[in-house]
Amino acid sequence: MKRLSLAALAIGATLAAGVHARTVTIRWGDVVPATHPSVQMIERIAADVKSKSNGRIAIQAFPAGPLGGSRDMIDAVANGA
């Protein structure tokens, strides 16, 4: 459940920032394989968000750790990367 609430917060913050005219891409990293239910769910959420935002918000999923391990991704978010 935390994963979905974090996505909702990121999308809500993006919309609240007034970026209605430009395209925003949210990168979603995870260390589990693409077949994991949480990755499959984020793919479904990404399609729904893209549809409801008329393509202005895109969520890219990066399963299986290409953005680094859990600690690497936490550090990247904390540092604003």
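Refer to the structure printed above.
Predicted model, so just to flag it, every value in this text is computed and none were measured.

**A short note on the overall build of the protein**
Move 1: Within the protein, the regular secondary structure consists of three helices and two strands.
Move 2: If you list the helices and strands of the protein from N to C, you get α-β-α-β-α.
Move 3: The buried share of the protein, reckoned over its 81 residues, is 25%.
Move 4: Sequence-distant contacts in the protein: of pairs separated by 6 or more residues, those separated by 24 or more amount to 71%.

**A closer look at the pairing of strand 1 (residues 24-29)**
Move 1: Side-chain alternation along strand 1 places Val24, Ile26 and Trp28 on a buried face and Thr25, Arg27 and Gly29 on a face that remains uncovered.
Move 2: Both strand 1 and strand 2 (residues 57-62) contribute to a ladder of six bridges, which runs parallel. Residue pairing across strands places Trp28 opposite Ala61, the latter belonging to strand 2.
Move 3: Crossover handedness for the path strand 1 to helix 2 (residues 37-52) to strand 2: right-handed.

**Quick word on the environment of His36**
Move 1: For His36, the position within the fold is in the loop between strand 1 and helix 2.
Move 2: Taking the relative accessible area as the measure of exposure, His36 reaches 32% and is therefore partly exposed.
Move 3: Residues His36 and Ala64, spaced 28 residues apart in sequence, show a C-alpha to C-alpha distance of 9.6 Å.
Move 4: In this structure the side chain of His36 is engaged in a polar contact, spanning 3.0 Å, whose partner is the side chain of Ser38.

**As for the pattern of salt bridges**
Move 1: With the rule as written, the count across this model stands at two salt bridges.
Move 2: Notably, a salt bridge pairs Lys52 with Asp48, separated by 3.5 Å at the nearest N-O pair. Placement of the pair is Lys52 and Asp48 together in helix 2, with a separation of four residues, close to one helical turn.
Move 3: Overall, Asp48 belongs to the partly exposed group, its relative accessible area being 39%.

About the thresholds
- Residues numbered from 1 in each chain as written.
- Predicted model: local features only at pLDDT ≥ 70, side-chain atom pairs only at ≥ 80, totals over all residues.
- Heavy atoms only, no water.
- Helix = DSSP H or I, 4+ residues; strand = E, 2+ residues; numbered from the N terminus.
- Buried < 20%, exposed > 50% of the residue type's maximum accessible area, 1.4 Å probe, protein only.
- Contact = heavy atoms within 4.5 Å.
- Pairing = 2+ DSSP bridges.
- Right-handed = clockwise from strand over helix to strand, strands pointing away.
- Polar contact = N/O pair within 3.5 Å; in protein donor to acceptor, adjacent residues only side chain to side chain.
- Salt bridge = Lys/Arg side-chain N within 4 Å of Asp/Glu carboxyl O.

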